[in-house]
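# Architecture at a glance
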Amino acid sequence: MRDITCKVLVIGAGPGGYVCAIRAGQLGLDTVIVDGAPLGGTCLNVGCIPSKALIHAADEFHKLDEAAAGSTPFGLSASAPKIDFPKTIAWKDGIVERLNLGVGGLLKKAGVKSIRGWATFVDGKTVEVATDTGTQTIRAENIVIATGSEPVELPDLPFGDRVISSTGALALKEVPASMAVVGGGYIGLELGTAFAKLGCRVTVVEAADRVLPLYDAELVRPVLARLEELGVTVLTGAKAGGLDKKGLKIDHGGKSKTVPADKVLVTVGRRPKTEGYGLEELDLDRAGRFVRIDDRCRTSMRGVYAIGDVSGEPMLAHRAMAQGEMVAEILAGERRSWDKVAIPAICFTDPEIVTVGLSPAEAEAEGHRAVSKLFPFQANGRAMTTAREDGFVRVVAREDNHLLLGVQAVGAHVSEMAAGFALALEMGARLEDVAGTIHAHPTHGEAFHEASLRTLGHALHI
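Residues numbered from 1 in each chain as written. Predicted model: local features only at pLDDT ≥ 70, side-chain atom pairs only at ≥ 80, totals over all residues. Heavy atoms only, no water.

### Looking at the pattern of salt bridges
For side chains of opposite charge, pairing can occur when their charged atoms come near one another. Enumeration over the complete set of coordinates arrives at 19 salt bridges. Note that Lys-63 and Glu-60 form a salt bridge whose closest N and O atoms lie 3.4 Å from each other. Of this pair, Lys-63 and Glu-60 both sit in helix H3 (residues 48-68), three residues apart, which is roughly one turn of the helix. A relative accessible area of 49% places Lys-63 in the partly exposed class. When its relative accessible area of 34% is taken as the criterion, Glu-60 is described as partly exposed. Between Glu-229 and Arg-226 there is a salt bridge, with its nearest N and O atoms 2.9 Å apart. Residue Glu-229 and its partner Arg-226 are located together in helix H7 (residues 217-229), separated by three residues, close to a single helical turn. Classification of Arg-226 by relative accessible area gives buried; the value is 11%. Each of the salt bridges in this network shares a partner with another, and the network as a whole consists of Asp-59, Lys-197, Arg-226, Glu-229, Asp-350, Arg-388 and Asp-390. (Salt bridge = Lys/Arg side-chain N within 4 Å of Asp/Glu carboxyl O. Helix = DSSP H or I, 4+ residues; strand = E, 2+ residues; numbered from the N terminus. Buried < 20%, exposed > 50% of the residue type's maximum accessible area, 1.4 Å probe, protein only.)

What follows is the structure in structure tokens.
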């Protein structure tokens, strides 16, 4: 096969990698992108997109189930609902395929050469790519490592058959009668909630003393209440062991017991994918498990960059995308550096959780004299009309000049408010700016307005 020489080589075609390649191509840089997996990476193929499709399908089925049980407040009724789960999975796969083809089209439009194969470093300027038709050598002036992350496997619960990762959960052909979810982080609770709505008996097993440890207790409380409504059992302080014929063996409170489980979903975290790419051939500094980078995503080796999950926390697709765009512009000669005020984080549980910037406790820990108030959806007209009054919007601001430090929300559909929260922080908004902005009525967004007013001392609707 013919060797290739290029200006930019991107290894990994996930959100960070393909965005970097597209932007580099738009800027006229000779760019090649390589990945052995389908375009789009974990997020598009076996992560963000398919999981949200499954979560939505589960929501729709659960609504029908509630109507059949006569438990909706709307006066709706329905016959016993059924789900054709293989059809649901086919619908989910169809969305992934459309987006996958879309990424390919965007790369082609930007003039990027896309190669399906596994890249291995020879040195800091050269990689060998193993494809179905042979091995190809690529020499690049600049290389961007965007290899992403993978699920962490537990020694006593290796993946296979009854033990599945999030990838396996999204590929199931039928809804299991029972499932044990090992790990009470956002991935476990998102998928666990979805399968509970589809009729699966779900038990969450978490070794720590609380689930969703990245979010403060005030935000998590409505999620726990909803899990209880859905019949999900949450066991904290419980250590997962191996399997027996009945299910998952655990140690809970010093007592050994078995959690009935047809499937065991292990979601104890993700780790950067750094093995199998020949990175040992490069002199790259590490930050723990991650490749160390500076504020321009440069590694310790000149001409080698790292973006996305392989470069550190938070391991979020939108962080990777922003890094990829920035690196492409740096390689094109633009003056760029990482200067983001905040990166939104969303937990697609029921209700959803959004955090942008600092929580009250984090603000205090950083030495800020902060003020903070929340506005409950119980006083929000739009929330009432959807029969989902659980949750609130909370703002955190400096006491002296009212500069916003953070915004958090928990409630149905609050994920769609994340962009507005992030925009306010990125533009340096103050409480008065939010309070002085007309928010459309009736919408969930009014809670952001009212929370700001309340923090200023003059809420109107509470």
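### Considering unusual backbone geometry
In this structure, Pro-314 follows Glu-313 across a cis peptide bond, with omega equal to -5 degrees. The residue Pro-314 is located in the loop between strand S19 (304-306) and helix H8 (317-331) in this model. Here the amide bond leading from His-441 into Pro-442 is cis, since omega sits at -5 degrees, within 30 degrees of zero. One can find Pro-442 in the loop between helix H12 (431-435) and helix H13 (446-456). The phi torsion at His-402 lies on the positive side, around 65 degrees, for a residue other than glycine. Along the chain, His-402 turns up in the loop between strand S23 (392-398) and strand S24 (404-411). You can call His-402 partly exposed: its relative accessible area is 21%. In the Ramachandran plot, His-413 falls in the positive-phi region, its phi being about 70 degrees despite a non-glycine side chain. Within the element layout of this structure, His-413 appears in the loop between S24 and helix H11 (418-426).

### Description of the pairing of strand S15 (residues 263-266)
Relative to S15, strand S8 (residues 163-164) runs parallel, the two being bridged by two bridges. Within S15, the residue paired with Val-163 across the bridge is Val-264. As paired strands, strand S9 (residues 178-182) and S15 are joined by four bridges and run parallel to one another. Directly across from Met-179, in S15, lies its bridge partner Lys-263. (Pairing = 2+ DSSP bridges.)

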